[in-house]
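Coordinates in review
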Amino acid sequence: MLKFRSLLVVLSCLSCLVRAEQLPTPPVLAAKSWLLVETASGQDLASHLPDERLEPASLTKLMTAYLSFAAIRQGTIKLDQTVPVSQKAWKTGGSRMFIQVGTEVKVEDLLKGMIVQSGNDACVALAEAIAGDEENFAQMMNREAQRLGMKNSSFRNASGLPDPQHYTTARDLAILADALIRDFPEEYAKYYSMKEFRYNNITQPNRNRLLYLDPTVDGLKTGHTEAAGYCLVSSAKRGPRRLVSVVLGAASDRTRAQESLKLLNYGFQFYDAVQLYGKNEAVASLKVWKGKEGTVKLGFTKDLVIAVPKGFGPKIKTELVSQQPLMAPISEGQVLGTLKVSMDDKPYGDYPVLALEAVPLAGIAGRTIDSIRLWFK
């Protein structure tokens, strides 16, 4: 999956490929940086400085949650397991869920305290339970960031407290949010839409205002420090479509919510998602030389969906360009060609087409016959 995603050539600047008059004008937000992504295709629908390194504040907790869910799946920790609260966790400043030193707290309560209440103390407790200490956990965060393709991120702690070497970008946060939703759908649905959580006789609301303003929004996370400003990574699903919005460096809690909703509404209102091919659906069947089979089916290992301005779906055209001649052996998943997509006769995107099946080498006789045929061809 990750290999295929890294090969997928998507559109980071649609206006470079399609006539400007065909494209809706993206909104200008009151923020330092922003990005709107159609998750099914990976396309950027609107952006401003998406690769600028900025302080993520509590958006860091998306990575802490990702690693926590992974640790639960791997059996490193369990939801009903109790974790002792260390002096360091108890003393951690900033937003807190108010766990007490010397007590033990269930992992699931720590997850809720981190996700809903944005508790820095909960982050440290989880980091210590998973990696022994927060420093080791930060190393895990950076390794995972590299694996996910977050090329401009550096983590120094589990909570997002300020550090000169603690930074990320809107694009990297969109990658992380998409991975969290994709890889842990049940956990995402269970925790990120919670509007409040009560612990230690203290009820705290989820700081994500969009959960209260738009019923299609089901996550993700807010963040704020004086240097970072007010930040929000949000996601909404309307019908089959899901969009992820990242807004960094707004001036207030209210502004980050308004600007995020403006971005999401723009994507849903002015773009359609069009599925060109389904997962493992054959795009074509091509001749293979010197193989045990004479043909190979080409397609995609996930649904090929692209976002286009509303009303332009019927104007999409595709053309398959393949390597010729195709020679065995061919391995399943091997890139054998490119699907060139145009819209209204203008280039729109190129997508690698993969072998849906393996074709091993033929025997000596079969290879010899094909060699002769190729010589005459």
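The rules behind each value
Residues numbered from 1 in each chain as written. Predicted model: local features only at pLDDT ≥ 70, side-chain atom pairs only at ≥ 80, totals over all residues. Heavy atoms only, no water. Helix = DSSP H or I, 4+ residues; strand = E, 2+ residues; numbered from the N terminus. Buried < 20%, exposed > 50% of the residue type's maximum accessible area, 1.4 Å probe, protein only. Polar contact = N/O pair within 3.5 Å; in protein donor to acceptor, adjacent residues only side chain to side chain. Contact = heavy atoms within 4.5 Å. Salt bridge = Lys/Arg side-chain N within 4 Å of Asp/Glu carboxyl O.

Secondary-structure assignment places serine 154 in the loop between α6 (134-148) and α7 (170-183). Residue classification places serine 154 among the buried positions, given a relative accessible area of 7%. Polar side-chain contacts of serine 154 include one of 2.7 Å to the backbone oxygen of glutamine 165. Excluding its chain neighbours within four sequence positions, the residues that come into contact with serine 154 are Asn142, Gln165, His166 and Tyr167.

Turning next to the pattern of salt bridges. Across all of its chains, the model carries 18 salt bridges by this definition. Among the salt bridges present, the one from aspartate 218 reaches arginine 242, with a minimum N-O distance of 2.9 Å. With aspartate 218 in strand β7 (residues 217-225) and arginine 242 in strand β9 (residues 241-250), the pair connects residues that are 24 residues apart, well separated along the chain. Residue classification places arginine 242 among the buried positions, given a relative accessible area of 14%. The partner of aspartate 350 in a salt bridge is lysine 340, and the shortest N-O contact between them spans 3.2 Å. Of this pair, aspartate 350 sits in strand β17 (residues 346-355) while lysine 340 is found in strand β16 (residues 335-343), placing the two residues ten residues apart along the sequence. For aspartate 350, a relative accessible area of 31% corresponds to the partly exposed category. Take lysine 340: its relative accessible area is 35%, and that puts it in the partly exposed class. One network of salt bridges, with partners in common, ties together Asp44, Asp51 and Arg171.

None of the figures reported here should be taken as evidence of function without further support.
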